[in-house]
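Geometric and topological summary
If you want the building blocks of each chain, they are given just below.
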Amino acid sequence: MRRYIISIIMLILPSLYMVAESPLYTIERDSTLSPNERRIYKRERMWAALIPKHEILQYAGNMGLISTGVGWNYGKHNQWETELMLGFVPKYSTERAHVTITIKENYIPWRLSLGQSPFSIEPLHASLYVTSIFGHEFWNNQPERYPKGYYWFSTKARINIAIGHGIMHTLSKTNKFALRSYTIFWETSTTELDIIYKAKNKNVPIKDIIHFSIGAKFQIM
Amino acid sequence: MNLTLRNLFILLTCTLLAGCDMFDSHPYDGHIHGEKGINEKNIAIIENTCLNKDTMRIAFTGDTQNFLEQTEDMVSDINKRGDVDFLVHLGDFTDYGMTQEFVWQTDILNKLTCPYVGIIGNHDVLGTGMDVYESMFGEQNFSFIAGRIKFLCLNTNAMEYDYSNPIPNFGFMKEEAKADSGLYESTIVCMHARPGTEQFNNNVYDAWPYYIQLFPNVLFCISGHEHEPKVVDVYGDGMLYYVTASGNRREYYLFTITKRGYTYETIHY
């Protein structure tokens, strides 16, 4: 648990600083303002950086059958994204349905606009995400009853890496949804245990260790 | 995006979603893209084909998790022999209890030309593994009668549970000792972890032989878990416990059981 809090803080804090300075959100520095007023504006700007900039809806990807959440964009060209999502895993053959929480870091280096159209291609989405599943049957570190080093892995958290593409549609400034844009994306992912399995079992087909996912992002700010 | 392109995109997405099982919700989701009810189905075949057999040839293996290539070769070897009546897998199909791991193993084992049964191992209990095992194989404790021998198959992975799930289930063993009288004369006890291993509830180490002796003519006990093959007279009372090798060792036991007793070989493949 402590590790997740630290990871979240490490991801969010620099993002806060970057978003505060990003062109998506600025407050002009009025020289007629007193030093105190300027400091209050700066505080407001720092806290405002916590406001999510986009919302996501995603299908599959080992983060639940369907997951939804919010994200923050930052970077000189908005190429970095941090997302926090909750997912729903149906019951299937288990005793009950489960909920997952995912923290995802995306790197989208290029957005190539298609001529005069409002569409852009994002040829690369590179992602790293950690998914944690809620439930008494899962743990991060083996319970105390086991001898030391009995189970080296976590049953609760999974590390995933993914690559994908996206198509962004920049909407007109007067669109009825009050969105800046929306993006349809798809990803291929794998987990750390999948990679270990493939390394130990050469004849496991690649299709068994990769997972597909599709989703949509809505740029709300 | 014009209307045709959008409709095409929606159609493509729906086809992709419907037809593709690579859209996974979670490694522990219990979404089984494979066979279910394996033990029940195979026990029916075993009990039928072995009903009046005087000689039976039974293969025993276990701990094939993470050794898929070796498991495939073992299946080929058993199929090539052609004279194996059935296989008993003593547990640990998976390393992490993940749904896909179970399916990988059963996809390979389903290629056996003879029937097989599976017992739950400690790794198979992890996460949602218990639920998946129960769905794919069946009850955690079960028995069947082949060639007038009762095969008692037990969940002995006590360290994975709290006391709400009695491991070993002495109540089940007592009932089994009373049931099916007249239908069998001998017994073989199969489990994943034998008495004395860290998984076993060694608090009842001394009580275990009492329940075993309720059964007529126990030929031997057999277990997996330790990965290293061995034969142990655990209690020093002549009751032998055979321990199977893990998949990486590329060997399995082949027991030949007749009315006079049994012999066994270690088959290397």
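Each chain has its residues counted from 1, running along the sequence as written. A letter from A marks each chain and a number from 1 marks each ligand, given out in the order of writing. In keeping with the model being predicted, local features are shown solely for residues with a pLDDT of at least 70 and side-chain atom pairs are shown and tallied solely at 80 or more, while totals for entire chains, interfaces and linings include all residues. Excluded from the side-chain calculation are hydrogens and water; included are all heavy atoms of the structure.

Overview of the overall build of chain A
Each helix corresponds to a stretch of at least 4 residues labelled H or I by DSSP, and each strand to a stretch of at least 2 residues labelled E; elements are numbered beginning at the N terminus. For chain A, the count of helices and strands is four helices and nine strands. Burial statistics for chain A: of 221 residues in total, 44% are counted as buried. Pairs at least 24 apart in sequence give 57% of the contacts found in chain A among residues at least 6 apart. Remark: exposure states derive from per-residue accessible area (1.4 Å probe, protein chains only) relative to the maximum for the residue type, with buried under 20%, exposed over 50%, and partly exposed in between. A contact between two residues is defined here by any heavy atoms of the two lying within 4.5 Å.

Here's the deal with unusual backbone geometry
Residue and element names in this part refer to chain B. Residues I167 and P168 are joined by a peptide bond in cis, for which omega reads -5°. You can see P168 is positioned in the loop between strand 5 (149–154) and helix 6 (170–178). Of note in this structure, N66 is not a glycine but carries a positive phi near 70°. Positionally, N66 belongs in the loop between strand 1 (56–61) and helix 3 (68–81). Judged by its relative accessible area of 3%, N66 falls in the buried class. For D92, which is not glycine, the phi torsion reads 65° and is therefore positive. By the secondary structure assignment, D92 is in the loop between strand 2 (86–89) and helix 4 (99–109).

Quick notes on the side chain of B:T106
On the secondary structure map, B:T106 appears in helix 4. Judged by relative accessible area, which is 1%, B:T106 ranks as buried.

Observations concerning the confidence of the model for chain B
By definition, pLDDT measures how confident the predictor is in each residue, and it falls between 0 and 100. For chain B, per-residue confidence averages 93 on the pLDDT scale, and residues scoring 70 or more make up 93% of the total. Two summary scores accompany this predicted model of the complex, namely pTM at 0.88 and ipTM at 0.86.

A closer look at a nonpolar patch on the surface
Residue and element names in this part refer to chain A. Surface patches are defined over residues having more than 30% relative accessible area and no salt bridge, joining like charges when they lie within 9 Å and nonpolar side chains (Val, Leu, Ile, Met, Phe, Trp, Tyr) when within 5 Å. Every accessible area reported is derived by Shrake-Rupley at a probe size of 1.4 Å, with residue values counting cover from the shown protein chains alone. Each reported salt bridge corresponds to a side-chain nitrogen of Lys or Arg within 4 Å of a carboxyl oxygen of Asp or Glu. Taken together, the side chains of L84, L86, V99, I101 and F134 define a hydrophobic patch exposed on the protein surface, amounting to about 390 Å² of accessible area. Of all the elements in the fold, those that place two or more residues in the nonpolar patch are strand 3 (80–89) and strand 4 (98–107). Turning to its location among the elements, L84 is positioned in strand 3.

Remarks on helix 5 (residues 129–136) of chain B
Since the α-helix advances by 3.6 residues per turn, residues separated by three or four positions end up pointing in the same direction. Residues and elements named next belong to chain B. With six of its eight residues buried, helix 5 lies for the most part within the structure. Listed as buried for helix 5 are G129, M130, D131, V132, Y133 and M136. Packed against the buried residues of helix 5 are helix 2 (38–49), helix 4, strand 3 (116–118) and strand 4 (142–146). The first or second residue beyond helix 5 is G138, which carries a positive phi of 140°.

Observations concerning the pairing of strand 4 of chain A
Residue and element names in this part refer to chain A. In terms of burial, strand 4 is a largely internal element, seven of the ten residues being buried. Here a strand pair is declared whenever DSSP counts at least two bridges between the two strands. For strand 4 and strand 6 (residues 119–133), the ladder comprises eight bridges, and the chain directions are antiparallel. Looking at strand 6, one finds that T102 is bridged to T131.

As for the sheet that holds strand 3 of chain B
Residues and elements named next belong to chain B. Reading across from one edge, 3-2-1-10-11 is the order of the five strands in this open sheet, with mixed pairing throughout. Two strands bound the open sheet, and with one partner strand each, they are strand 3 and strand 11 (261–268). Adjacent strand axes in the sheet meet at a mean angle of 20° when their direction is disregarded. Packed on one face of the sheet, helix 3 meets strand 1, strand 2, strand 10 (251–258) and strand 11 and runs near 30° to strand 10. Note on geometry: axes are lines fitted to C-alpha atoms, helical ones only across the stretch in contact, with angles between N-to-C directions running from 0 to 180 degrees.

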